[in-house]
Amino acid sequence: QVQLVESGGGLVQAGGSLRLSCAASGRPFSTAAMGWFRQAPGKEREFVAAVSSRGGVTLYADSVKGRFTISRDNAKNTVYLQMNSLKPEDTAVYYCAARNLPLVVATTKEHDYEYWGQGTRVTVSS
C-alpha cells in the first residue's frame, strides 16, 4: 500500500522561504516520478513541479520557476519542494503525488499521478 505524507507547511511572510517534504512508503521509491500540486482557496488544483525517478529531470510551472526547487533523496524515500521568495498567491494546500510503477518520466498532468498525500497547508501573508 503506497502512502505519501507531506510536512513542512505553515505560515510565512511574503519573501520568506519554506521547505516541504514528502515521505513515501509501500513501494520502491526510485521506481516512479513524483510531483507537487497545489490548490488555492476557490481555485482548481494546479501543477507546481515534478521530478523524474532518478532526479535527473525536473519540470516547473511558469509561476514558480526560479523560486521553487524540487529534489529527491531516494535513499531516504523523500521528495522535497524548496520554496523561496514566497508570494501571497502561493497560499494553497500543497499535495505530493506519485506515478504508478513503473512510470519514471516526470509530467505536469494531474491525471498521470496515481497516489496522493493528504496535503500540507502553506499560508503566505502580505
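Provided above is the structure to which this section pertains.
Just so it is clear, the structure is predicted and the values come from calculations on it, not from any experiment.

**Observations regarding the overall build of the protein**
And step 1. Each helix and strand counted, the protein has zero helices and eleven strands in total.
And step 2. Put simply, the protein runs from its N terminus to its C terminus through helices and strands in the order β-β-β-β-β-β-β-β-β-β-β.
And step 3. Here the C-alpha radius of gyration of the protein, 13 Å, is about what a compact globule of 126 residues would show, namely 14 Å.
And step 4. Each principal axis of the C-alpha distribution contributes one length, and for the protein these read about 40 × 25 × 25 Å.
And step 5. In the protein, which comprises 126 residues, the share counted as buried stands at 47%.
And step 6. Within the protein, counting contacts between residues at least 6 apart in sequence, those at least 24 apart form 60% of the total.
And step 7. In the structure as shown, the protein presents an accessible area of about 6,300 Å², 48% of it carried by carbon and sulfur atoms.
And step 8. A gap of 5 Å separates the mean positions of the 14 positive and 10 negative side-chain charges of the protein.

**A word on the state of the cysteines**
A covalent bond between the sulfur atoms of two cysteines is referred to as a disulfide.
And step 1. For the structure shown, the criterion picks out one disulfide.
And step 2. One disulfide in the model links C22 with C96; its S-S distance is 2.1 Å. Looking along the S-S bond of the C22-C96 disulfide, the torsion reads about -80°, which is the left-handed sense. Placement of the pair is C22 in strand β3 (residues 18–25) and C96 in strand β9 (residues 92–98), with a sequence separation of 74 residues. The same class applies to C22 and to C96, which are both buried.

**Thoughts on the sheet that holds β3**
And step 1. As summarised here, the arrangement of the four strands in space is β1-β3-β8-β7, forming an open sheet in which the pairing is antiparallel. Only two strands of the sheet have a single neighbouring strand rather than two, namely β1 (3–7) and β7 (68–73). For this sheet, the mean angle separating the axes of adjacent strands, direction not counted, is 15°.
And step 2. Two strands pair when backbone bridges link them, and β7 and strand β8 (residues 78–83) are joined in this way by six bridges, in the antiparallel orientation. When the sheet's bridge partners are listed, S71 is paired in β8 with Y80.

**Let's talk about the environment of L11**
And step 1. If you trace the backbone, L11 turns up in strand β2 (residues 10–13).
And step 2. For the pair L11 and V51, spaced 40 residues apart in sequence, the C-alpha separation works out to 26 Å.
And step 3. What L11 contacts, discounting residues up to four positions off in sequence, is T123 and S125.

Calculation criteria
- Every chain is numbered on its own, with residues counted from 1 as its sequence reads.
- Local features in this predicted model are restricted to residues whose pLDDT is 70 or higher, and side-chain atom pairs enter the listing and the counts only when it is 80 or higher, whereas totals over whole chains, interfaces and linings include all residues.
- Side-chain measures here rest on the full set of heavy atoms in the structure, leaving out hydrogens and waters.
- A run of DSSP states H or I qualifies as a helix once it reaches four residues; a run of E qualifies as a strand once it reaches two. Both are numbered from the N-terminal end.
- The globule rule used here is 2.2 Å times the number of residues to the 0.38 power, and the radius of gyration it is set against is calculated over C-alpha atoms.
- Working definition: with a 1.4 Å probe on protein chains only, accessible area under 20% of the residue-type maximum means buried, over 50% means exposed, and in between means partly exposed.
- By definition in these notes, contact holds between two residues if any of their heavy atoms fall within 4.5 Å.
- Exposure was quantified through the Shrake-Rupley algorithm and a 1.4 Å probe, taking into account, for residues, occlusion by the shown protein chains and nothing else.
- The sign given to each residue is positive for Lys and Arg and negative for Asp and Glu; His and the chain ends receive no count.
- For charged residues, the charge sits on one atom: NZ in Lys, CZ in Arg, CG in Asp, CD in Glu.
- A pair of cysteine sulfur atoms is labelled a disulfide when the two atoms are within 2.5 Å.
- Here, any two strands with at least 2 DSSP bridges between them count as paired.
- Every axis in this analysis is a line fitted to C-alpha atoms, fitted for helices over the stretch in contact. Angles between the N-to-C directions lie between 0 and 180 degrees.

Any link to function would need more than the numbers given here.
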